[in-house]
Amino acid sequence: MRVLPSERLISGNSEGDPLPESHVELPPVIRRTEFVAFALAGLLLIAIVAVLYVGRAFFLPVVMAFVIGTMLSPAATFLERSKVPRSVGAVLIVVAVSAVVAFAVALIASPVMAWSTRLPELGAQLKDKLHVFDRPLALWRELQAMLGGSEGLPSLHMPKLEWVQPTLEFLSPTFTEFLLFFVTLILFIASWRDLRRAMIMTFSNHDARLRTLRILNEIEVHLGNYLLTVTLINVGVGVATGLICALTGMPNPAGLGALAATLNFIPIIGPVAMFVVLVVVGLIAFPTLGGGLMAALAFGGLTFLEGHFITPTIIGRRLALNALAVLLALAFWTWLWGPMGAFLSSPLLIVALILKDHLLPENSPQLPQA
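Residues numbered from 1 in each chain as written. Predicted model: local features only at pLDDT ≥ 70, side-chain atom pairs only at ≥ 80, totals over all residues. Heavy atoms only, no water.

Examining the UniProt feature "transmembrane region" (unreviewed entry) in the protein
- The positions UniProt marks with the feature "transmembrane region" (unreviewed entry) are residues 35-53, 59-79, 91-113, 170-192, 223-249, 269-299 and 319-336.
- Taken end to end, residues 59-79 comprises 100% helix and 0% strand; its first and last C-alpha atoms sit 29 Å apart.
- Taken end to end, residues 223-249 has its terminal C-alpha atoms 38 Å apart, with 96% of it in helix and 0% in strand. (UniProt positions renumbered as here; feature names shortened; annotations may be inferred. Helix = DSSP H or I, 4+ residues; strand = E, 2+ residues; numbered from the N terminus.)

Listed below in C-alpha cells is the structure:
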C-alpha cells in the first residue's frame, strides 16, 4: 500500500518525531516608520524649546498675558453681564490688579530699600552671629582629620554681593516687555469672546467644534478657580506670616507678610526662599540664635500645614495635580523663563492636563482574569 506524504507526516508525528521548524519572521517591536515619527517628534520638541528659550523677551510676556487673561476672563464676563462694555471692563480689571500688585510691591520695597543702604553693617552683624557655628565646624574638621580625610571644611565666610546687581538686571523685565504684557493682556480680555468663536469655527466638523468648546470652557473655569483659590490661600499665608512676625518681634511684619504672600505663588521655591529670608532677618534682628529662628520655625510649621492639608484639600479635589508632575513642570519652566516661568508652571500644567484628557482619552483595558 502506497503511503501519501501527508499520511507519512501524520504517522511520524504520532511516533514522537519533531515537527519541522517554522521560518516565519516575527514583526519588529518598533517599525521603521514609528522610529522616524518618534525622532521627528523629538526634534520638533527640541526646536520648540530652543525657540521659546531664545525668544524669551517676546514669548514670556505674551504667554503670561494669555494665561492671566484667561484667569481674569470670568471677571470680565461678570462685568459684561452688569452692562459694562467688555473693553472697559478689561481696562478696569487690569488697573485694579495692577493697583493690588503695586501695593504689595510697595510694602516689600520699603524695607528692602532701607536695608540695602545698610548692607555692609548688616553683613558684619550676620557674620558675627554666624560665629556660633565655628565650634561645630572645628569639631567636624578634627573628626575628618582623624578619619584620614583630605581637607576639612573651610571657615564660614559671608558670600560676596557683586552678583546682586547682575541678577536683578537679569530677572527684571524691560519696559518693552512690560508694555507688551499689559497691551496684550487688555486686548486679550477684551477680545476673548471673539477669539473663542474664531477657534471654534475653525473646524468644520460638529464634533470637533463641540470638543474645542468643551476644552476652552474647562480651561477658563479651571484657571479662574485656580487663580481665585490660590490667591485667597496666599493672602491667608501672608496675613498669618505678618501676625507671626509681629508676635515674635520681627521688624516690618507687614512687608514680610506681603513678601510671603507673593513668594507663595511660586510652588516649592517660594516658601523655601521665604524661610531663608526669615532666618537671615531674625539672625540680624535678635541677639540670640533661638530668638532669631523663632519666626522662621513658626513659618515652616505654617507652610507645612498649608502645603499638606489646606491646599490639597481645597485644590486637590478640583485639580488632581501629581506632585512629581508639579515638580518637573516647576523645574522646566524655571530653567526656561526664570521666576515668571515658575509662576506659570502650574497653570500651564493644568492646561496640558486638560488638553491631554480631551485629545488623548484614556482607554482602560480590562485586566485578564487570574
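Additional details are given in the paragraphs that follow.
Regarding the packing of helix H10 (residues 206-248) against helix H11 (residues 253-263)
- Where H10 meets H11, the closest approach of the two axes is 7 Å, and the angle between their N-to-C directions is 150°. Accordingly, the angle class assigned to the pair H10 and H11 is roughly antiparallel. In this structure, H10 crosses over H11, and the sense of that crossing is right-handed. Contact residues: Asn-234, Gly-238, Thr-241, Gly-242, Cys-245 and Ala-246 in H10; Pro-253, Leu-256, Gly-257, Ala-260 and Ala-261 in H11. (Axes fitted to C-alpha atoms, helices over the stretch in contact; angles between N-to-C directions. Parallel < 35°, antiparallel > 145°, perpendicular 65-115°, else oblique. Left-handed = near helix turned anticlockwise from the far one by under 90°. Contact = heavy atoms within 4.5 Å.)

Concerning the nonpolar core
- Residues Ile-68, Leu-185, Ile-189, Trp-337 and Leu-344 are the most contacted members of the largest nonpolar core, which totals 33 residues.
- Elements represented by at least two residues in this core include exactly helix H2 (32-54), helix H3 (56-81), helix H4 (86-116), helix H8 (175-190), H10 and helix H14 (323-359).
- The element that contributes the greatest number of residues to this core is H14, accounting for 12 residues.
- The residues touching Ile-189, leaving out its near neighbours within four places in the chain, are Gly-69, Leu-72, Ala-76, Arg-86, Ala-90 and Val-94.
- Residues Leu-259, Leu-278, Ala-296 and Phe-299 belong to the second largest nonpolar core, which totals 21 residues. (Core = buried A, V, L, I, M, F, W, Y, C linked by side-chain atoms within 4.5 Å. Buried < 20%, exposed > 50% of the residue type's maximum accessible area, 1.4 Å probe, protein only.)

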